Each structure stands twice: as C-alpha cells, then as structure tokens.
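Take a look at the letters that make up each chain.
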Amino acid sequence: WDSGKGKDNRKGKGDYGDRKGNKGEGKGGCMVYCGNLPFRSDCSGLEDRFAEFGEVVRFDIPQDQKGSGKGFALVLFSKEVQAQAAIEGLNDTEFEGRYMKVRMDSFA
C-alpha cells in the first residue's frame, strides 16, 4: 500500500506491518486510522497530538490530485499499547472544528 506523500512530502512506500489479520501490529508497528479531518487543512499540529501517546514511526495524510487532504490520516506507532492510548485519548476529540474518529486501522 502506498499512501502517497509522507510528512516530508516525499512519495514513500512504508512497511506498515503484516496484513494477515494481526490488527495492525507486526514488525512495522501498529497502525491507527484517524478520520473526519478537515479537507481544507494540512492538519499541522495533528502529528504532535499523536506523539503525546508514544513514538510515531510514520504519519500520513493522503491527498487528492489537487493536493487537498482526503479527510483522514494514518498513524503508525511503534507499539500497540501506544496506539491504544492514542485511540482512547483522541477519539471523539475536537480538531479544527471537527470531532476526530480514531481507531485501529482495519486494513493493516
């Protein structure tokens, strides 16, 4: 899976762990989905909010062809316990006027 651009705007292909039913945790870490983000925003500061809960290995906001965010982010934590803490701490919290939906990534 190639999300497009990483936090440094380079197109990247990352190792997001194995995709065989391990709920996002593998050698690459534990993936969290963050939805209901504003499309107009570059979501600056959002990565820092996730980093309060643990080591963020990778943070991606997929973009459309015009460079606008698609309304969600994928956050890879180094450990499942950190991902769980982020989910508990950030789900249904406000970010730029919208309430984020934060959960384990079901495709990881």
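Going by the structure above, here's the rest.
The sections below set out a description of the structure shown in this document. All values derive from a computational prediction rather than experimental measurement.

What about the packing of aromatic side chains?
And then number 1: What the rule picks out here adds up to 3 aromatic pairs.
And then number 2: For the ring pair F50 and F77, a centre distance of 6.3 Å and an interplane angle of 50° mean the geometry is tilted. Residue F50 is found in helix α1 (residues 46-51), and its partner F77 is found in strand β6 (residues 72-77); the two are separated by 27 residues along the sequence.
And then number 3: Classification of F77 as buried rests on a relative accessible area of 0%.
And then number 4: Taken together, the aromatic side chains of F50, F59 and F77 make up a single cluster linked through ring pairs.
And then number 5: The aromatic ring of Y33 is capped on one face by R103, whose charged end is 4.2 Å from the ring centroid.

Some thoughts on the pattern of salt bridges
And then number 1: Scanning the model with the defined rule gives 2 salt bridges in all.
And then number 2: D92 is the salt-bridge partner of K101, the closest N and O atoms lying 2.3 Å from each other.
And then number 3: Residue class for K101 comes out partly exposed when judged on its relative accessible area of 43%.
And then number 4: For D92, a relative accessible area of 41% corresponds to the partly exposed category.

Section: the environment of E94
And then number 1: With respect to the element layout, E94 can be found in strand β7 (residues 94-95).
And then number 2: Along the chain, E94 and L37 lie 57 residues apart, while their C-alpha atoms are 9.6 Å from each other.
And then number 3: If we skip the residues at most four places from it in the chain, E94 touches R49 and Y99.
And then number 4: Of note is the side chain of E94, whose polar atom sits 3.1 Å from the backbone nitrogen of E96.

Digging into helix α2 (residues 80-90)
An α-helical turn contains 3.6 residues, so a residue and the one three or four places further along point in the same direction.
And then number 1: All of the buried residues in α2 are Q82, A83, A86, I87 and L90. Buried residues of α2, seen end-on, are gathered within an arc of 140° and therefore sit on one face of the element. Exposed residues on α2 whose side chains face more than 90 degrees from its buried face are V81 and E88.
And then number 2: The positive-phi residue at the C-terminal boundary of α2 is D92, with phi of around 60°.

Cut-offs applied
- Every chain begins its residue count from 1, and numbering advances along the sequence as written.
- It should be noted that, the model being predicted, local features are given only for residues of pLDDT at least 70 and side-chain atom pairs only at 80 or more, the latter also being counted only at that level, while totals for whole chains, interfaces and linings use all residues.
- The basis for the side-chain values is all heavy atoms of the structure; hydrogens and waters are excluded.
- The aromatic pairing rule takes the rings of Phe, Tyr and Trp, using the six-membered ring of Trp, and pairs them if the centres are within 6.5 Å, calling planes under 30 degrees apart stacked, those over 60 edge-to-face and the rest tilted.
- Per the convention used, a helix needs a DSSP run of H or I reaching at least four residues, while a strand needs a run of E reaching at least two, with both numbered from the N terminus.
- For each residue, the accessible area found with a 1.4 Å probe, counting protein chains only, is set against the maximum for its type, and the residue is called buried under 20%, exposed over 50%, and partly exposed in between.
- The rule for a charge over a ring is simple: NZ of Lys or CZ of Arg within 6 Å of the ring centre, and within 35 degrees of the ring normal.
- Any Lys or Arg side-chain nitrogen located within 4 Å of an Asp or Glu carboxyl oxygen qualifies as a salt bridge.
- We call two residues in contact whenever any of their non-hydrogen atoms come within 4.5 Å of each other.
- In protein, a polar contact means a hydrogen-donor-capable atom and an acceptor-capable atom, both N or O and within 3.5 Å, with residues adjacent in sequence counting only if both atoms are side-chain atoms; elsewhere, any N or O pair within 3.5 Å suffices.
- Of all possible arcs, the one meant is that of the directions from the helix axis to the C-beta atoms.

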